[in-house]
Amino acid sequence: MDTIRLNSLLLYKWRIFPHLKSLYFPMFSLSFIPYQPLLTYLLILTTACHSPSVSSQTSVRKPSSTVNQKPVLALQTGAEQFKEYIADLKGKRVALVVNHTSLVGKTHLADTLLSQKINIVKIFAPEHGFRGDADAGEHVSNTIDKKTGLPLISIYGKNKKPSPEQLKDVDVVIFDIQDVGARFYTYISTMHYVMEACAENKKKCLVLDRPNPNGHYFDGPVLKPAFKSFIGMHQIPVVHGLTVGELAQMINGEGWLANNVKCDLKVIQVKGYTHQTPYVLPVRPSPGLPTEVSIRLYPSICFFEGTTISLGRGTDFSFQVAGAPNPIYGSFTFTPKTTAIVKNPPHENQLCYGKDYRQDTTRHLTLKYLLDFYNMTPDKSKFFLTTKHFDLLAGSEELKKQILAGMTEEQIRATWQSDLQKYATMRKKYLLYPDK
C-alpha cells in the first residue's frame, strides 16, 4: 500500500476518532510523517482498537454517516413545555380555550394546570364543544364541566367572541386546540376572535402551539375579503401551511384584527418540529375527521360540502368517501344515518353510490375528486347547492365559475399562482419552524 493511500485512510480514521491524533502525535501534523512502516503500524493499530471483535468493554463507535449529525429532538407540543409558560400563569386568573385535543400526554391541559395550582376561572368551548362530541354546526350550550366544576362558556354560534363581561375576571387566556391546516376548519376562526377580544380588553393571550398535519405545503385559491365568514376569515389559501402559532402571529402582524388592534400575544413553540415533520394526531380533532386519511383528504374533499354529494357524514368513514343516491357515481355504497354525534346528514337513510378513498395516499390539495363527480353528474346545474356555501369554502365565486366553464385542474391552478406567490412572501415573515 503506498504512502498516499495510507495517509488518506489514516486521515479518515482520525476524522472519525479525533482523540487518536492527540494520543499518537500530540505535537505533529500528519503531513510531516514520512515513514511508510510507521503509517502502516498506526493504520493497523487504529483498526484494531476500534474493531467490533475487541473486548466487550470497549465501546464501538457508530458508522461515520452518523458522526457529527445533530441529535433528533423528540417532538414536544407547546402545552408539554410547562416551564416555558408557568411564570405567565402564577398568581393570575386564567381562562382556557380548549377542547378534547388539548392534551399533555394523556392528561387534559385543564387537569394538568389545576394539579399545578393554577387558578383557572373558566373554559371557553369552540365548535364541537369542550369534549369534542357535538356535530358540525350544532349549538353548544353554556354549562358546568362535571369533572372540574369549572364554568363552560360556548364561543360558537351567536357568541363567537368572548365578551368584556366574560373576560372581566380573567388576566390570561390560553388557546390550545389542534388544527388540521385548512382555512375552513373553524378552530382558527375561534382563535381570531379570542385574540381580538384579548386585544380589546387588555388581556394577555398565550397560544400553545401544536404541529400541523398538513403543514408541509400551502395551496389553493386565496380568500377574497368579500367572502369572509366563519369558515374563512383570512386572506390565506385553502391550505395555509402554518401552525396555529404562526397564523396567530400573521393575524397580529398583518392587522387583521378589528380596527387593527394588536393582541398581547405569546406563542409557546413546538420543539423538534419542522414543516416536513410527519405528525399523526393522537386523537381525532373533530367528529368528522376520524382518521389520518380523512385529515389528509379534508382540504380537497371538503368542497363537496357545498354540493349535492355526501362525504359520508353519518357513517363510520366520514370524509373518506363521496357519493349520492345515483348509481352513476360508482359501485361503492353507503347509507348515511343520524347518530349520537351526526344529526340529519345529507341523503339521510338513502343508499348512496360513489367512491371509497380510504386507501388513497394523496398528501396535497387536488381538485380531481370534485371535477370527477362534477363531470359524472348528468344535470350539472344541480351539482352545486343553491346557497353560497361552496363559494364561502372556496373563498370567492371564481372556482365555481371555472368548473361550470369546463376548465381543467391545470387551467384553474394557473389562476391561483399570482396570489400564492404573494402569500409565500408574507408567510415567510411569520414562520417559527424550518420549512425544508
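This section reports on the structure supplied with the text. (Residues numbered from 1 in each chain as written. Predicted model: local features only at pLDDT ≥ 70, side-chain atom pairs only at ≥ 80, totals over all residues. Heavy atoms only, no water.)

With that settled, the discussion passes to the overall build of the protein. Secondary structure assignment for the protein yields 13 helices and 14 strands. Here the protein holds 436 residues, and the buried ones make up 52% of them. Long-range pairs, those at least 24 residues apart, make up 71% of the contacts in the protein between residues at least 6 apart in sequence. Within the structure as shown, the protein displays about 20,800 Å² of accessible surface, and the carbon and sulfur contribution to it stands at 54%. (Helix = DSSP H or I, 4+ residues; strand = E, 2+ residues; numbered from the N terminus. Buried < 20%, exposed > 50% of the residue type's maximum accessible area, 1.4 Å probe, protein only. Contact = heavy atoms within 4.5 Å. Areas by Shrake-Rupley, 256 points an atom, 1.4 Å probe, with all protein chains shown as cover.)

In space, the three strands of this open sheet follow the order β12-β14-β13, with antiparallel pairing throughout. With one partner strand each, in any of the chains shown, β12 (321-324) and β13 (332-334) form the two edges of the open sheet. Ignoring strand direction, the axes of neighbouring strands in this sheet form an average angle of 40°. Sheet analysis places β12 next to strand β14 (residues 352-356), joined by four bridges and oriented antiparallel. Of the residues in β14, the one forming a bridge with Gly-323 is Gly-354. (Pairing = 2+ DSSP bridges. Axes fitted to C-alpha atoms, helices over the stretch in contact; angles between N-to-C directions.)

With respect to the secondary-structure elements, Phe-334 resides in strand β13. The spacing of Phe-334 and Lys-355 is 21 residues in sequence and 9.8 Å in space, taken between C-alpha atoms.

This next bit is on the packing of helix α6 (residues 187-200) against helix α7 (residues 244-253). The contact between α6 and α7 brings their axes to 11 Å, and the two run at 45°. The angle between the axes of α6 and α7 places the two elements in the oblique class. Where α6 crosses over α7, the handedness of that crossing is right-handed. Facing Ile-188, Met-191, His-192 and Met-195 of α6, the residues of α7 in contact are Val-244, Leu-247, Ala-248, Ile-251 and Asn-252. (Parallel < 35°, antiparallel > 145°, perpendicular 65-115°, else oblique. Left-handed = near helix turned anticlockwise from the far one by under 90°.)

Positionally, Ser-189 belongs in helix α6. For Ser-189, a relative accessible area of 1% puts it in the buried group. Residues contacting Ser-189, with those up to four places away along its chain left out, are Phe-230 and Met-233.

One open sheet accounts for seven strands, arranged β5-β6-β4-β1-β7-β8-β11; its pairing is mixed. Strands with a single pairing partner mark the edges of an open sheet, and in this sheet they are β5 (143-144) and β11 (264-268). Of the pairings in the sheet, the one linking β5 to strand β6 (residues 151-154) comprises two bridges and is antiparallel in character. Directly across from Thr-143, in β6, lies its bridge partner Leu-152.

Two side chains that carry opposite charge are able to pair once their charged atoms sit near each other. Following the criterion strictly, the structure yields 19 salt bridges and no others. Its salt-bridge partner being Asp-391, residue Lys-400 comes within 3.7 Å of it at the nearest N-O pair. When sorted by exposure, Lys-400 lands in the same class as Asp-391, which is buried. The residue Asp-435 makes a salt bridge to Arg-427 at a minimum N-O spacing of 3.0 Å. Residue classification places Asp-435 among the partly exposed residues on the basis of a relative accessible area of 25%. (Salt bridge = Lys/Arg side-chain N within 4 Å of Asp/Glu carboxyl O.)

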